Protein chains: 2
Amino acid sequence: MSCRLIYMFSEGHDAFSGDLTAMKNTLGGKGAGLAEMIHAGMPVPQGFTITTEACTKYYEDGRELGEDIKKDIFACISELEKITGKHFGDKNDPLLVSVRSGARQSMPGMMDTILNLGLNDVSAEGLALKTGNPRFAYDCYRRFVQMFSDVVMMVPKSLFEEEIDKLKEKKKVKNDTELTADDMKELVGIFKKIYEENEGREFPQDPKEQLTEAVKAVFRSWDNERANVYRRMNEIPYEWGTAVNVQAMVFGNSGENSGTGVAFTRNPATGEKKLMGEYLINAQGEDVVAGVRTPSPISHLKDQMPEVYDEFIGLADRLEKYYKDMQDMEFTIEDGKLYMLQTRNGKRTAQAALKIACDLVSEGMITEREAVLRVEPKQLDTLLHPQFDAEALKQSTPIGKGLAASPGSACGRIVFTAEEAESKVKEKDWKKVVLVRLETSPEDIIGMQVSQGILTVRGGMTSHAAVVARGMGTCCVCGCGNDNDVAIDYAVKTLVLNGKTYKEGDWISLDGSTGNIYDGQIALSDSMENPDFKRFMSWADSARRLGVFTNADNPADLQNAVDMGAEGVGLCRTEHMFFAGDRIKAVREMICSRTKEEREKALAKVEPFQEADFTAMYRIIGTRPLTIRFLDPPLHEFLPTEPKKIEELAKEMGISAEELTHIVQSLHEVNPMMGHRGCRLCITYPEIAVMQTNAIIKAAIAVSKETGEIITPFIMIPLTCEVKEFRFVKNIVVSTADELIKNAGIDMKYKVGTMIEIPRAALTAGAIAKEADFFSFGTNDLTQMTFGFSRDDAAKFLGSYYDTKILEQDPFQHLDQTGVGRLVAMSCKEGRADNPELELGICGEHGGDPSSVEFFNKVGLDYVSCSPYRVPIARLAAAQAAIKEEG
Amino acid sequence: MSCRLIYMFSEGHDAFSGDLTAMKNTLGGKGAGLAEMIHAGMPVPQGFTITTEACTKYYEDGRELGEDIKKDIFACISELEKITGKHFGDKNDPLLVSVRSGARQSMPGMMDTILNLGLNDVSAEGLALKTGNPRFAYDCYRRFVQMFSDVVMMVPKSLFEEEIDKLKEKKKVKNDTELTADDMKELVGIFKKIYEENEGREFPQDPKEQLTEAVKAVFRSWDNERANVYRRMNEIPYEWGTAVNVQAMVFGNSGENSGTGVAFTRNPATGEKKLMGEYLINAQGEDVVAGVRTPSPISHLKDQMPEVYDEFIGLADRLEKYYKDMQDMEFTIEDGKLYMLQTRNGKRTAQAALKIACDLVSEGMITEREAVLRVEPKQLDTLLHPQFDAEALKQSTPIGKGLAASPGSACGRIVFTAEEAESKVKEKDWKKVVLVRLETSPEDIIGMQVSQGILTVRGGMTSHAAVVARGMGTCCVCGCGNDNDVAIDYAVKTLVLNGKTYKEGDWISLDGSTGNIYDGQIALSDSMENPDFKRFMSWADSARRLGVFTNADNPADLQNAVDMGAEGVGLCRTEHMFFAGDRIKAVREMICSRTKEEREKALAKVEPFQEADFTAMYRIIGTRPLTIRFLDPPLHEFLPTEPKKIEELAKEMGISAEELTHIVQSLHEVNPMMGHRGCRLCITYPEIAVMQTNAIIKAAIAVSKETGEIITPFIMIPLTCEVKEFRFVKNIVVSTADELIKNAGIDMKYKVGTMIEIPRAALTAGAIAKEADFFSFGTNDLTQMTFGFSRDDAAKFLGSYYDTKILEQDPFQHLDQTGVGRLVAMSCKEGRADNPELELGICGEHGGDPSSVEFFNKVGLDYVSCSPYRVPIARLAAAQAAIKEEG
């Protein structure tokens, strides 16, 4: 039998269609696995799967099961009764079922399960009769009442546990196993009373009622908080819903010839090719998880039940060959008979993922292209940053949690200013510092560089601290003020976090991959040189079409990125060089100039610095593209706002504090993100464009002459919103560059392109493309303006957006393909139509995000550019995108 | 002869094509008029027109005339020599020409003119011989040297004037006319020397060189500053360019039987049907303009030269009948022979425009639909606001200039705070005040209402002051700090404007239609009740397809708008009601609430105020649409930021200053425009939506019961960027409203729609349309985010954008049809595709801008909504758009 919303997976039924993807979508991963195992003739308890579509319908119907679905469920139960010869609620041989969730992608431990369903006062007696084991039967019954009450009806678990403790005390026993059949029966009575008191009605005796309530509970658990958080972390859409698997119970707890266990075909921590697992005799699955007794390693089963062991080994081997991947299996032995309850591709560490992928290729099981799909790009992160020692981490409890802004782990002594960070790291007893700030600003850049980690109270995943830290590969936890009670007092140098006060010099540890904050020092394990990494990445590189560039603002970052495999620079932010040493002085002089002449004089001081920086970068990158963006931030970012600092600076600059205050005030903006910045600066002060062109072209000429290989500079104009704006700045670049090149007597070409980061630029991309050599999508700003979300401020309401499922993902981390993506796709299409030579890239944060990279591959970009430490991730994501696209 | 870039308009040539629009585009208004007059057989000096395309080519070629154009020009000169029998530079009968600009739309006085071209040492003598009048010949020559030097070579005019003065002193004469032929000859010598000293070369004797330089000068004058400003004011595109008309000179200064003059077929000030004009005997055109002698009224010509007069009357009549509009004509009489030099549709006042349009219909000359096209919509403004008395204004010199933010004129005594405005107007000696502020904020609303006018230092055309003032119909000049040296000291209550200090109580006058600021009092003329207005507007209303709604936030504005012809309310901003009286207290209590319960308690206090406001508005508007927008601004706008005010408020609210400071700080946003506002407030605090729905529906039910006519409320959700967001808020509205309606036992429908003001909303309009009953384009915010221009900050760089022609218009005043318009058009198309019933409107500032209204008509909106005083403008603009569309 079959019906749209339910599929029987028993032999002779139609759950197995052969189309594995479609099966997973409809039946969920677990349901599909069960159908496949049965199809392959493996021992699996009979049952049926209620589809993910039924889950969607449940939510559409206001969290209710429709009569048609119920009818179908009961029809499936009748069929199951026929197959098993057992009957729901039977007094002689009752049918008991497990009810388990099963989403398309496994979400281990996130949703609910109900075992032993079908027990009531009559069938419990029947189970006792049938098994000749009343203690087992009533143990099952009391477990069921407890589980049903807790999971389905949300009666607090503790009420039941207290009663078990009371009974054990009364009986003067220590372990549950010492309780007798009568004790269990007594517990059933007590438990049913608890249910009645809490629910205002008797515990349901009708197994059909139990079943429909259990199915609803599993559907409901799709929407529980931990499932929502897990989905957000793993980019699993809420719309998918979960399937429900209803399966005849087999009992691992029916005696010493029974048992239950889990096993992996290869080691999920190291990838070693060796069956690994554990089991418990006379137990149900939950006992293994609960850790009441210590399980035995799977190898012991060979001695205890050699035939079962051999059968299991054979099945495990078949499953791995069938799925061509490491399997994570659950099994139960009932009276010496082996049943497979589940198989799925096992979760694994990054190290294991690489080793398994490489080994499977060596073993001839998969092709290199298939191997490329077997490693989650994001996992590579952990290979590239120092991590806490896993054991040491287990001993530690977080004292707070922020946003996991830049991966890796850090441990150091607290400092509260960038200056302190700089000076303290030079002291013997300090060396390692963690910079703790309300927020960071461009002038903190050097202090950030010398810190082990950065912790901020405000700001999101794309705040200054987060962006800069990711660029440096420094661990960073951001915005810890969103969910914690935090106060920083700079004056007395204290951080109060959730009630505890930390002083300057106190040790603190940060996990930039989880956002966790820890008290004291946690040991770090060294970032490893993985032997499989190079082999694996070479396959990825040969599979991808997209170029992978990096965002790098200085020679150190650039060298790092090149080591990580970057093929060019998609974004060099010139202003990030403005803060070091004497430069900031000249920059401020430029800002405070009253005339063009004064400004040109100040710019003349900045130019040699810029030229030297570009020269150093060209020496590293050679003739590969180095895309240098003109000055982007509003000028007020380079000036202080606090009266005291203004006074100091005024003295330094030799102007009055009043005058400087006036300048600072006149530069103030209500919405700086949409203010006087980007190419708008070159429209009002064309001399800035002249200076920057000079610095770039001179550096390129010098290095070209040094090496004899002629560089092609890429000059990028930010924040364009209108083609005439681009043309105006381009004209300055062209006239300045052409003269330098002519005077140098060199045959140098150069390209002038623009960021596409303002919606209007995307909407007029055709016109701009006629003038521009390349586009680089600035998806950070484009996301801000397309959504109207200020990334500095959106954290305040994004929480509510996730809670209400209006948004499931942070659009600053994962490209919004519907809205922002539409603008990107339009620009690509219309830009290329008007200029077939147009080069297309992206340099926003999304350049290192796998799902976004897949989108960029699809719309036909030439390259993605991301922070150095994300380069390997982008390379792999680009490869996977290309392979998936080819199908 | 004819060529692409030049057309001869002499008889037998092809300038006249019959397609008047094409002629105007190519030949400019003046060139087309000359061709038409010649075609009609009128006496016009022969010549040719260099087209607007040649002007474009001039700019494309780096401000040079190509050899091909020059060749064509000289060919035309040869042709002209044939026709006139005169020759360029001839020693017996020289050909002299005038070189005049002529754009598609007339831009009187904005560009350059050169007369008497062709004179040199030889031809001056020839002219003297031919006319027997050496004084006349050398007067022409010295005028030409002076004009050529000034206009073409930019040699300062004053150098020449000083020499005339010197000579007059030497000769002891008072008037130029007393100078003799020899004096004139002497002046020519002196003038040529001045030229030589300034230009480093002799004055050009070759008439062809004179001509090419003069043509270039006229083309160049298209880009002079006053032309650029004029174009920006009148929305004339820079790309159009100007044509140049080269015409054989006729001389009104060749004796007592000669003369020159200008005339209108009807009175341009009143519209009265009576020829009006003036002339000078023995003069050239420039003398009439310069006002050296007082001209005679045209009626005197009847006595002085009866035949010429009759001929002229006949021609004027023919021209008016030909153009079917009031004509502005220039003529010259040379030795008793009349020549028409120019005819064009005359500029006129609003009052005259209405009268002429109505009279022409009464006279059967034009249809009502044609009449509708004869009045500039913007002109209606002057009919609806008080204006300075024209005579009094002539006596006054502006002391500064800001943006013409809200039309009308105002005169009052200076106050510096809204509170002072409120209290001072109650005093006998004050009554009339002008509110002078750095910028205004929502809490100033009442002070603004009682003021005659508002002057702000900061902010643009869509700043708070500008928007609110236009809504009230109050005169406002904004952002006077952009181009003036301004300082306000609130502490000592002074305004220092361009060096002069004004104290509280000093009189000041503002012209909101020009942006001019005047010292002291200027008399106002009463805003008149125009008898033609109603008749004219009824024609407009019957021609238009677009509905015209109003933006109104309170009963007074609404009544005003209804009187102006508004057919509904497109935008009622609920928050504008939040500041009056006790409301702000309850609103602040709501903002400072720590729990949902506290917030609900505070909202319960706000609800009755809102309900009362809506009730009052429903009583005025009845069953016509009243679109009420949910709370939009970020909450921090309702709290003070200055420490002292915080302290006061904290005391008032009974909380500590620390706590309130903390709240204010936690609400602070880096980019409030893209922060926690609009429907985002309803996502985090759904109880706000509940309260506002309650207030709206209860008010609608009450008024429906009162009148027996059932109202359909329109509820508008602001700042939507995603359909799920809209659905979330809509669900709250629906469940709240349905219960109220059910309980009231009334058969009330209601509509829930959204603003489309975030680019992403436009990009996902199809999905949103499936849920929404209507869209209202919020083109202010949509412009901000599409351009990435903060309207509070953009004034700082928009000046440079105009100077460089990157932008020609303020996109906040005139819809950017390319970018923002593309989003609007996309939304309309995709929204209607997914919901054919979708109602479409616009409620941004552009709803009252004629060119924008034309666009909205084209893309198929159902209505535009604008501030009350713009309703008549929008009605007329909508009518013109509909008529133009039908062709």
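Here is a short report on the structure shown in this document.

The rules behind these values
- Residues numbered from 1 in each chain as written.
- Chains lettered and ligands numbered in written order.
- Predicted model: local features only at pLDDT ≥ 70, side-chain atom pairs only at ≥ 80, totals over all residues.
- Heavy atoms only, no water.
- Helix = DSSP H or I, 4+ residues; strand = E, 2+ residues; numbered from the N terminus.
- Rg over C-alpha atoms; globule rule 2.2 N^0.38 Å.
- Buried < 20%, exposed > 50% of the residue type's maximum accessible area, 1.4 Å probe, protein only.
- Contact = heavy atoms within 4.5 Å.
- Areas by Shrake-Rupley, 256 points an atom, 1.4 Å probe, with all protein chains shown as cover.
- Lys, Arg positive; Asp, Glu negative; His and termini not counted.
- Charge placed at Lys NZ, Arg CZ, Asp CG, Glu CD.
- Pairing = 2+ DSSP bridges.
- Axes fitted to C-alpha atoms, helices over the stretch in contact; angles between N-to-C directions.
- Buried area = accessible area lost by both parts, 1.4 Å probe.
- Salt bridge = Lys/Arg side-chain N within 4 Å of Asp/Glu carboxyl O.
- Polar contact = N/O pair within 3.5 Å; in protein donor to acceptor, adjacent residues only side chain to side chain.
- Patch = residues over 30% accessible without salt bridge, like charges linked within 9 Å, V, L, I, M, F, W, Y side chains within 5 Å.
- Least-squares fit on C-alpha atoms with pLDDT ≥ 70 in both.
- 1 Å grid on protein atoms, 1.4 Å probe; cavity = no way out; pocket = protein on both sides within 12 Å on 5 of 7 lines; lining within 4 Å.
- Points joined across faces, edges and corners; volume = space filled by probe spheres on them.
- Nonpolar A, V, L, I, M, F, W, Y, C, P; charged D, E, K, R; others polar.
- Expected span 1.5 Å × (residues − 1).
- Parallel < 35°, antiparallel > 145°, perpendicular 65-115°, else oblique.
- Left-handed = near helix turned anticlockwise from the far one by under 90°.

1. Quick look at the overall build of chain A
Phase 1: A count of helical and extended segments in chain A gives 35 helices and 34 strands.
Phase 2: Relative to a compact globule of 887 residues, whose C-alpha radius of gyration would be 29 Å, chain A shows 32 Å and is just as compact.
Phase 3: Overall, chain A is about 100 × 60 × 50 Å in size when its C-alpha atoms are taken along their principal axes.
Phase 4: The buried share among the 887 residues of chain A stands at 60%.
Phase 5: Sequence-distant contacts in chain A: of pairs separated by 6 or more residues, those separated by 24 or more amount to 68%.
Phase 6: Put simply, chain A shows about 34500 Å² of open surface, and 49% of that area lies on carbon and sulfur atoms.
Phase 7: Side-chain charges in chain A split into 104 positive and 134 negative, and the spacing between the mean points of these groups amounts to 1 Å.

2. Examining the sheet that holds strand S11 (residues 296-297) of chain A
Residue and element names in this part refer to chain A.
Phase 1: Ordered in space as S11-S10-S9-S12-S13, the five strands form an open sheet in which the pairing is antiparallel. The open sheet is flanked by S11 and strand S13 (337-345), the only strands paired with a single partner.
Phase 2: With six bridges connecting them, strand S9 (residues 259-264) and strand S10 (residues 276-281) associate as antiparallel partners. Bridge pairing in S10 links Phe-264 to Met-276.
Phase 3: Helix H12 (residues 306-323) rests against S9, strand S12 (327-334) and S13 of the sheet, and its axis sits at about 25° to S13.

3. With respect to the side chain of Asp613(B)
Phase 1: Among the structural elements, Asp613(B) can be located in helix H23 (residues 596-621).
Phase 2: If we skip the residues at most four places from it in the chain, Asp613(B) touches Met577(B) and Arg583(B).

4. What to know about the environment of Lys302(A)
Residue and element names in this part refer to chain A.
Phase 1: Structurally, the position occupied by Lys-302 is in helix H11 (residues 301-304).
Phase 2: Look at Lys-302 and you get partly exposed, because its relative accessible area is 48%.
Phase 3: For Lys-302 and Phe-312, which are 10 residues apart along the polypeptide, the C-alpha to C-alpha distance reads 9.9 Å.

5. Focus: the interface of chain B and chain A
Phase 1: Between chain B and chain A, the residue contacts involve 50 residues of the former and 50 residues of the latter.
Phase 2: For the pair chain B and chain A, the summed buried surface comes to about 4300 Å²; carbon and sulfur atoms form 60% of the total.
Phase 3: Where chain B touches chain A, the interface holds eight salt bridges.
Phase 4: Between Arg760(A) and Asp816(B) there is a salt bridge, with its nearest N and O atoms 2.7 Å apart.
Phase 5: There are 28 residue pairs in polar contact (both at pLDDT 80 or more) connecting chain B and chain A.
Phase 6: Listed by contribution, the elements that provide at least two residues to the side of chain B that touches chain A are helix H25 (657-667), helix H26 (679-684), helix H28 (723-744), helix H29 (759-763), helix H31 (779-787), helix H32 (795-803) and helix H33 (820-834) of chain B.

6. Overview of a negative patch on the surface
Phase 1: A contiguous patch of negative charge, built from Glu161(A), Glu162(A), Asp165(A) and Glu169(A), is present on the exposed surface.
Phase 2: Judged by relative accessible area, Asp165(A) falls into the partly exposed class, the value being 44%.

7. Observations regarding the relation of the copies chain B and chain A
Phase 1: Superposition record for chain B on chain A: RMSD 0.1 Å, screw rotation 180°, translation along axis 0.1 Å. The two molecules are tied by a two-fold rotation axis, judged by turn and shift. Of the C-alpha atoms belonging to chain B, the one lying closest to the rotation axis is found on Asn671(B), 2.2 Å away.
Phase 2: Mapped onto chain A, 100% of the interface residues of chain B are again interface residues, and the two copies thus contact each other with one and the same surface.

8. Quick word on unusual backbone geometry
All names here are of chain A.
Phase 1: A positive phi angle, near 60°, is found at Arg-63, a position not held by glycine.
Phase 2: Checked against the element boundaries, Arg-63 lands in the loop between helix H2 (52-60) and helix H3 (67-84).
Phase 3: Overall, the relative accessible area of 35% leaves Arg-63 in the partly exposed class.
Phase 4: You will see that Glu-235, though not glycine, has its phi angle at about 55°, which is positive.
Phase 5: Summarising the element assignment, Glu-235 is placed in the loop between helix H9 (225-234) and strand S8 (242-248).

9. Topic: the sheet that holds strand S30 (residues 714-717) of chain A
Residues and elements named next belong to chain A.
Phase 1: Read once around its circumference, the closed barrel built from eight strands follows the order S27-S28-S29-S30-S31-S32-S33-S34, with strand pairing classed as parallel. Looking at each pair of strands side by side, their axes are set apart by 25° on average, direction ignored.
Phase 2: Pairing analysis gives four bridges linking S30 to strand S31 (residues 751-756), with the strands arranged parallel. The residue bridging Ile-717 from the neighbouring strand is Thr-754, located in S31.

10. Notes on the layout of surface pockets
Phase 1: By volume, the second largest pocket amounts to about 580 Å³.
Phase 2: Along the wall of the second largest pocket there are 15 residues; nearest its centre are Lys724(A), Arg727(A), Tyr238(B), Thr804(B) and Lys805(B).
Phase 3: For the lining of the second largest pocket, the element with the highest residue contribution is helix H28 (residues 723-744) of chain A, accounting for four residues.
Phase 4: Considering only residue class, the lining of the second largest pocket consists of five nonpolar, four polar and six charged.

11. Looking at helix H5 (residues 134-152) of chain A
Phase 1: Counted at 1.5 Å a residue, the expected span for H5(A) with its 19 residues is 27 Å, and the 26 Å between its end C-alpha atoms agrees.
Phase 2: Most of H5(A) sits inside the fold, with 16 of its 19 residues counted as buried.

12. Some points on the side chain of Thr720(B)
Residues and elements named next belong to chain B.
Phase 1: The residue Thr-720 is located in the loop between strand S30 (714-717) and H28 in this model.
Phase 2: A polar atom in the side chain of Thr-720 sits 2.7 Å from the side chain of Thr-754.
Phase 3: Residues within four places of Thr-720 in sequence aside, it is in contact with Cys-679, Glu-725, Phe-726, Thr-754, Met-755, Ile-758, Ala-761 and Ile-768.

13. Describing the pattern of salt bridges
Phase 1: A complete count under the given rule lists 123 salt bridges over all chains for this structure.
Phase 2: A salt bridge links Arg348(A) to Asp325(A); its shortest N-O distance comes to 2.8 Å. Here the residue Arg348(A) occupies a position in the loop between S13 and helix H13 (350-362), and Asp325(A) occupies one in the loop between H12 and S12, the gap between them amounting to 23 residues.
Phase 3: On the basis of relative accessibility, which here comes to 5%, the residue Asp325(A) falls in the buried class.
Phase 4: Of the charged contacts in the structure, one is a salt bridge between Arg594(B) and Glu659(B), with a shortest N-O distance of 2.9 Å. Of this pair, Arg594(B) sits in the loop between helix H22 (583-591) and H23 while Glu659(B) sits in helix H25; the two residues are 65 residues apart in sequence, bridging distant segments of the chain.
Phase 5: The exposed category is assigned to Arg594(B), whose relative accessible area is 57%.
Phase 6: Accessibility expressed as a relative area gives 24% for Glu659(B), which makes it partly exposed.
Phase 7: By sharing partners, the salt bridges in this structure join Glu575(A), Arg629(A), Asp632(A), Arg677(A), Asp781(A) and Arg791(A) into a single network.

14. Let's talk about the packing of helix H24 (residues 643-653) of chain B against H25(B)
Packed helices, taken two at a time, are described by the angle their axes make and the gap between the axes.
All names here are of chain B.
Phase 1: Packing of H24 against H25 leaves a shortest axis separation of 8 Å and a crossing angle of 120°. It follows from the interaxial angle that H24 and H25 lie oblique. The hand of the H24/H25 crossing is right-handed. Facing H24, whose interface residues are Ile-646, Glu-647, Leu-649 and Ala-650, H25 presents Ala-657, Leu-660, Thr-661 and Val-664.
Phase 2: Grouping the constituent residues of the contact of H24 with H25 by class yields six nonpolar, one polar and one charged.

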